[in-house]
Number of protein chains: 2
Amino acid sequence: MSMEKVKDFVASNSNQLAFLDQLYSLLRQKSISAQNDGVEECAKLVMEMMNEIGITTKLIDTDGHPVVYGELINPENTFTLLIYGHYDVQPPEPLEKWVSNPFEPEIRDGRIYARGAGDNKGQLLAQLLGVKTYLETIGELPINLKFVFEGEEEIGSIHLASFVEKHKELLKADLVYTSDGSLHESGSPIVLLGVRGMLAIELEAKGADRDNHSGNKGNIVPNPVWKLIDLLQTMRDKEGNVLIEGFYDNILPLSDYETELLKKIPFDAKSVGEKIGYPQLHMNGETYYQKLIMEPTFNICGIESGYTGEGVKTIIPSTARVKLDIRLVVDQDPMDIFNKIKSHVSEHAPDVKVTYLGSMQPSRTNAELKVVQTVVHAVQQAYETEPLIQPGMGGSLPNYVWTKLLELPSVIVPYANFDQGNHSPNENIKIKNFLNGVICTAHVIDALGKSANRNS
Amino acid sequence: MSMEKVKDFVASNSNQLAFLDQLYSLLRQKSISAQNDGVEECAKLVMEMMNEIGITTKLIDTDGHPVVYGELINPENTFTLLIYGHYDVQPPEPLEKWVSNPFEPEIRDGRIYARGAGDNKGQLLAQLLGVKTYLETIGELPINLKFVFEGEEEIGSIHLASFVEKHKELLKADLVYTSDGSLHESGSPIVLLGVRGMLAIELEAKGADRDNHSGNKGNIVPNPVWKLIDLLQTMRDKEGNVLIEGFYDNILPLSDYETELLKKIPFDAKSVGEKIGYPQLHMNGETYYQKLIMEPTFNICGIESGYTGEGVKTIIPSTARVKLDIRLVVDQDPMDIFNKIKSHVSEHAPDVKVTYLGSMQPSRTNAELKVVQTVVHAVQQAYETEPLIQPGMGGSLPNYVWTKLLELPSVIVPYANFDQGNHSPNENIKIKNFLNGVICTAHVIDALGKSANRNS
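Calculation criteria
- Residues numbered from 1 in each chain as written.
- Chains lettered and ligands numbered in written order.
- Predicted model: local features only at pLDDT ≥ 70, side-chain atom pairs only at ≥ 80, totals over all residues.
- Heavy atoms only, no water.
- Contact = heavy atoms within 4.5 Å.
- Buried area = accessible area lost by both parts, 1.4 Å probe.
- Salt bridge = Lys/Arg side-chain N within 4 Å of Asp/Glu carboxyl O.
- Polar contact = N/O pair within 3.5 Å; in protein donor to acceptor, adjacent residues only side chain to side chain.
- Helix = DSSP H or I, 4+ residues; strand = E, 2+ residues; numbered from the N terminus.
- Least-squares fit on C-alpha atoms with pLDDT ≥ 70 in both.
- Axes fitted to C-alpha atoms, helices over the stretch in contact; angles between N-to-C directions.
- Parallel < 35°, antiparallel > 145°, perpendicular 65-115°, else oblique.
- Left-handed = near helix turned anticlockwise from the far one by under 90°.
- Nonpolar A, V, L, I, M, F, W, Y, C, P; charged D, E, K, R; others polar.
- Domains from an automatic or database assignment.
- Buried < 20%, exposed > 50% of the residue type's maximum accessible area, 1.4 Å probe, protein only.
- Pairing = 2+ DSSP bridges.

Colleague: Explain the interface of chain A and chain B here, please?
Modeller: Reports often express the size of an interface as the amount of accessible area lost when the parts come together. The interface of chain A with chain B comprises 85 residues on the first partner and 84 residues on the second. Contact between chain A and chain B buries roughly 7300 Å² in total, counting both sides, with carbon and sulfur atoms accounting for 53%. Along the contact surface separating chain A from chain B lie two salt bridges. When the shortest N-O distance is used, the salt bridge between Arg236(A) and Asp230(B) registers 3.6 Å. At the boundary of chain A and chain B, one finds 48 residue pairs in polar contact (both at pLDDT 80 or more). Elements with a minimum of two residues in the side of chain A that touches chain B: strand 10 (197-206), strand 11 (212-213), helix 6 (224-235), helix 8 (269-275), helix 9 (285-294), strand 12 (299-306), strand 13 (315-316) and strand 14 (319-328) of chain A. With eight residues, the top contributor of residues to the side of chain A that touches chain B is strand 12 of chain A.

Quick look at the structure:
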C-alpha cells in the first residue's frame, strides 16, 4: 500500500516540473568524453544534485575523467545496493541532422530531445530522483546505497576497471543495479542479465608520404584505400563471417533456462524495422535475438581517406584509416581477440598499423539467483506488468567489472524508450519513461529492503 | 641571333621582378572551381593582364565558369597558333599540411609556393609573358595567336567540349599549344603528344535510413561500408586488374616509332621515389612508362563513412560514399566505361547508386607531323638541350577537344618542375622554370613563324 504514495508523488504536476527542470540542467551541460568537452563540469553538477538529496559524494580521480561516488549508509541496514551509471555522452555529430540543438533540450510530442537524454543522463537522474521520492514519501531507506557514476562509458570505460580494482573495499555491496539501454521494442520492461563486450580498433594504411596526383602517378604509387579494402576482405566474408583465426573460440552457449527466456521475448519485425530506419528488415524473433545477443559483430564504424567534399579532387591519398568496433559475447576476451587481429594483419598486410582504441569484456549474471528474482518482482510492481528477463543484450556496458572483478550479481533495468536514438541525431527520452524510471527505482529499493529484512 | 634578345630580356632583374609581381597577383586570387570560390574574379584578372600586353579579350559564358578568350591577329600571317590553359585551381585541402598560406605566395629556396603555382597559373602566365617578351624584343608577331583559358579544368572541363563545338569558326587554327604538367623528372624538357582520359564517379551505398547504435543493432542492420567493400572487390583484383567486363576493350597499342620514343625517356627510380614521397619505388623505366602512359587506372580518390574524428563513435553508419577517378587510355571512351560500370554495379549491388562526376576522353597526336617537329626544334633552342618526345602522359587534359572536335594537331610543352606538387599541399613552381617558360613561348612563336614563311 505504501508504494502508492510513490506513484502519487511522481504523478504530481509540481514534482514533475521540478524533475524536468533538473533533467534540463543536466542535459544542457555538455560532457562529451571523446572530445573532453565539459566532462568535469558535468561531474560537479551531478554531485550537487546528489548532495541536495542528502547523498554524501566525492569526486574520485582516475587516470581519465573522474568518477562521481556517493553513498547513503545506515549501519543498521544489512543489504547494500550499488547503483551504476555514466554522466558522459557521445559526440553529437552529424550536427546537421538534429532537428533542435543537441545541448538545448526541447520537448516535442512528449519526448525530451537532447544528446544524453536517454543515454544515460535521463536514466541516471531517474535513479537519483527515485531515491529522493522514496525519502520524501516512505521515509528512511531500508538498504544502503552506493553510487558509481563514471565519465568514460562512451569511450569504452577505459579506467573503470582500475578504479574498481583500487576501491574494492569502498565498493563492497550485495548487488549492482544499472539503468542503461532501452525497454523492449514492445514497450515491456526488461531485466537484463548480460551484455556483449566490445573491442574498438583502428587500422591505418600508408601509401606514399604525401598525396599524389592520380594522373601523374596513377599505377605507380600504391593506394592505401585499396590496401585497406584488400585487408578487410581477408577478415570477413560476404556473409559476414569473421575469418580471423580463432575468433569464434571461447563462445559459451546459453543454458536451457536462458534459451527459454529468449524465446519469450516478443518480436515484431515491422515495428523494429520502422524504429531503426530499416523497414526492409526480414527476420524472425529467434534469429534476431540469436544474432543480437549470442553472436559477435565485426562492424566498421568509420572510414576515411582522401577528399570527400564537393566535386572531385583527383589524388592518390597518402593515408587511409578505418575504425572497427567489434562486439564480443561471453566468454570472448577482448585482448585475446585484439592479439588475433594483430597476428592476422601482420600476416596479410604487415605495413598496416593496428591501434587499440578501447575494449570491454562481455558478462552474464545467473538468472536463477534469488536477488535477481526480487528485482524482477519489483519491476513488475512498478510497471504493473511482467518484465522480460533477457540473459543478454546487443550493446556493451562495463558490467564485467562487477561480475568478474567484484564477483557480484549485476542486473540492468533500462528506463529509456526503445526508439531513444542513442548515439544518433535526435536522441530522446519519453517523459513517461523518465518518470517510470523514478518509480521503478523506489520499488527496487523497497523490495530489496523487504527481502533483506525477511532474511535477517 | 635575334632570339638572344629574348633571353637577355628575361635575364634582366627588373623584368623578372615585374614578372613575379604579376604572378603573385594571379596566385593571390583564388579560383577554386570545385567550390566556386573566386573563379569569375580570377577570369577578369587574367583578362586585364592580357589587355596590357595588347591582346584583344572577351569573356565567353559557358553553362559553368566562363572562358577567357583572346586574340592577336595580323591578316598577313598565314599560321595561327591556339594557346590553351586554365585559370582555375584545385581545392587547397588539407590546409594543415601547407607550410605557408596557399593563397599568399611565398618564395623558399628559389620556388614560389602557392595553390596554382604550377597548375596552371604559373605556366599560363609564362605563355602570356612569352608573347609580351617577343613583342618587346623582336617586334611584331610572325603568326596569329588565339587564346583559350578555361575555368573548369580541375573539375573535368565539363563545358569545354560544348564551348569548342559552339565556337569552331572562332577557334580555327593550325596547331594547339598547351603548357601544363611538368618537365621530366630528369629536368629535361618534354614535348607531349597525348594524355590519358579520365572518368570520375561516386558510388553511394545505403544501410538503414539513419545511423544506428552498433551494439543495439549490430548484426541486424546492414553496414553500407561493407556493402561498398564487397562491391569494390568485384571491380578490381588484388593485383590491380580491373574486373569490369569490357574495361580493357578498345585500348590501342603504340606504333613502333612511339615505342622507340618511350625507350629514350630516362628513368631514375630512386629520384622519382624521393620526389613523390615513396622511396620504396622499385620499377624499371620501361614498366614505369608503360604503366603510366599505356595503362588505365582504377583509383579511389576519396572514401567516407561514419565517424572518423577523435575517439570512437560506435555506430552503424547509414551511408557510405566512395569517389573513384579512373584514368583512360586511347581509345577507351569514358561514357562507354561509365555504362559498363553501371551494368556491373546493377548486377552485383543493385541498390548502390552510381553518380557520374565528370570525364575526359584520352587523345594522341602523331609524333611524325612536321609542325610537331618544328615545336620540338624550338624547345631545343629555348632550353639548349634536346627535349624528350612523349607519346602520352599519365595525367589528363581536355586535349581531345582539339584532336577530336577540331581535328587539329596538339602539342603539350610543360613548363613546371617535376616536383611541383600539383593537387597536393605546398604546390610550387621554381622561378627558373617559370622564366624558362617565358623564353620557350617566344621561341615557339618564332619557329612556327619562320616555318610558315618558308612554306608560303
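Continuing now.
Colleague: Looking at this structure, how should I read the relation of the copies chain A and chain B?
Modeller: Between the two copies of the chain lies a relationship made up of a rotation around an axis and a movement along it. Under the fitted operation, chain A is carried onto chain B by 0.0 Å of movement along the axis and a turn of 180°, and the coordinates agree to an RMSD of 0.1 Å. What the superposition gives is, in effect, a two-fold axis relating one chain to the other. Rotation axis and chain A: the residue whose C-alpha lies nearest the axis is Glu304(A), separated from it by 2.3 Å. Taken as a fraction of all interface residues of chain A, those also at the interface in chain B reach 99%, which identifies the copy contact as same-surface.

Colleague: Would you mind showing me how to read the packing of helix 1 (residues 3-11) of chain B against helix 13 (residues 431-455) of chain B here?
Modeller: The geometry of a pair of packed helices is captured by two quantities: the angle between their axes and the separation between those axes. Residues and elements named next belong to chain B. Between helix 1 and helix 13, the shortest axis-to-axis distance is 10 Å and the interhelical angle comes to 160°. Judged by the inter-axis angle, helix 1 sits roughly antiparallel to helix 13. Where helix 1 crosses over helix 13, the handedness of that crossing is right-handed. The residues of helix 13 that touch helix 1, namely those facing Met3, Val6, Lys7 and Val10, are Leu435, Val438, Ile439, Ala442, His443 and Asp446. Residues that form the contact of helix 1 with helix 13 fall into these classes: seven nonpolar, one polar and two charged.

Colleague: Could you clarify how one ought to interpret the domain arrangement of chain A in this entry?
Modeller: Residues and elements named next belong to chain A. Domain boundaries assigned for chain A yield domain 1 (3-195 + 362-455) and domain 2 (197-251 + 296-360). Just the C-alpha atoms count here: the centres of domain 1 and domain 2 sit 35 Å apart. Listed as interface residues are 13 residues of domain 1 and, on the opposing side, ten residues of domain 2. Between domain 1 and domain 2, a total of about 930 Å² is buried, with carbon and sulfur atoms accounting for 61% of that surface. Interface area lost by domain 1 to domain 2 is led by Gly156, Pro362 and Ser396, which between them contribute 54%. There are one salt bridge connecting domain 1 and domain 2. A salt bridge links aspartate 331 to lysine 404; the nearest nitrogen and oxygen atoms lie 3.0 Å apart. Linking domain 1 with domain 2 are three residue pairs in polar contact (both at pLDDT 80 or more), by the criterion used here. Partitioning the side of domain 1 that touches domain 2 into residue classes produces five nonpolar, six polar and two charged.

Colleague: Would you explain helix 9 of chain A in this entry?
Modeller: Because each turn of an α-helix spans 3.6 residues, side chains separated by three or four positions in sequence point in the same direction. All names here are of chain A. Listed in full, the buried residues belonging to helix 9 are Gly285, Tyr288, Tyr289, Leu292, Ile293 and Met294. For helix 9, the elements touching its buried residues are helix 7 (256-264), helix 8, strand 16 (363-364) and strand 17 (388-390). Measuring from the backbone nitrogen of glutamate 286 back to the side-chain oxygen at the start of helix 9 gives 3.3 Å, which picks out asparagine 284 as the cap.

Colleague: I would appreciate a short explanation of the environment of Thr62(B) in the present structure.
Modeller: Residues and elements named next belong to chain B. As for its position among the elements, threonine 62 is in the loop between strand 1 (56-60) and strand 2 (67-72). We classify threonine 62 as buried; its relative accessible area is 17%. Put simply, threonine 62 and isoleucine 229 are 167 residues apart on the chain and 38 Å apart in space, counted from C-alpha to C-alpha. The residues touching threonine 62, leaving out its near neighbours within four places in the chain, are Val67, Glu152, His159 and Phe163. A distance of 2.8 Å separates a polar atom in the side chain of threonine 62 from the backbone nitrogen of glycine 64. A polar side-chain atom of threonine 62 sits 2.9 Å from the main-chain carbonyl oxygen of histidine 65.

Colleague: Explain the sheet that holds strand 10 (residues 197-206) of chain B here, please?
Modeller: Consider a sheet: its strands pair through backbone hydrogen bonds, and that pairing is either parallel or antiparallel. With antiparallel pairing, the eight strands of this open sheet are ordered in space as 15(A)-10(A)-14(A)-12(A)-12(B)-14(B)-10(B)-15(B). Among the strands making up the open sheet, the edge pair consists of strand 15 (353-360) of chain A together with strand 15 (353-360) of chain B. Strand-to-strand twist in this sheet, taken as the mean axis angle between neighbours without regard to direction, amounts to 15°. Sheet topology places strand 10 of chain A next to strand 14 of chain A; ten bridges connect them, and they run antiparallel. Bridge assignment links Ala200(A) to a residue of strand 14 of chain A, and that residue is Asp325(A).

Colleague: Help me understand the pairing of strand 3 (residues 80-86) of chain B, please; the structure alone is not making it clear to me.
Modeller: Regular strands show a simple pattern: their side chains alternate between the two faces of the sheet. Residues and elements named next belong to chain B. Most of strand 3 is tucked away: seven of the seven residues are buried. Side-chain alternation along strand 3 places Thr80, Leu82, Tyr84 and His86 on one buried face and Leu81, Ile83 and Gly85 on a second face that is also buried. Relative to strand 6 (residues 144-150), strand 3 runs parallel, the two sharing seven bridges. Pairing of isoleucine 83 across the sheet is with phenylalanine 147, part of strand 6. Bridge count for strand 3 against strand 7 (residues 175-178) is four bridges, and the pairing is parallel.

Colleague: For this particular structure, what's the right way to read the packing of helix 6 (residues 224-235) of chain B against helix 10 (residues 334-348) of chain B?
Modeller: Residue and element names in this part refer to chain B. At a closest axis distance of 11 Å, the pairing of helix 6 and helix 10 adopts a crossing angle of 130°. Our classification of the angle between helix 6 and helix 10 gives oblique. Remark: the crossing between helix 6 and helix 10 carries right-handed chirality. Residues Leu231, Thr234 and Met235 of helix 6 pack against Ile341, His344, Val345 and His348 of helix 10.

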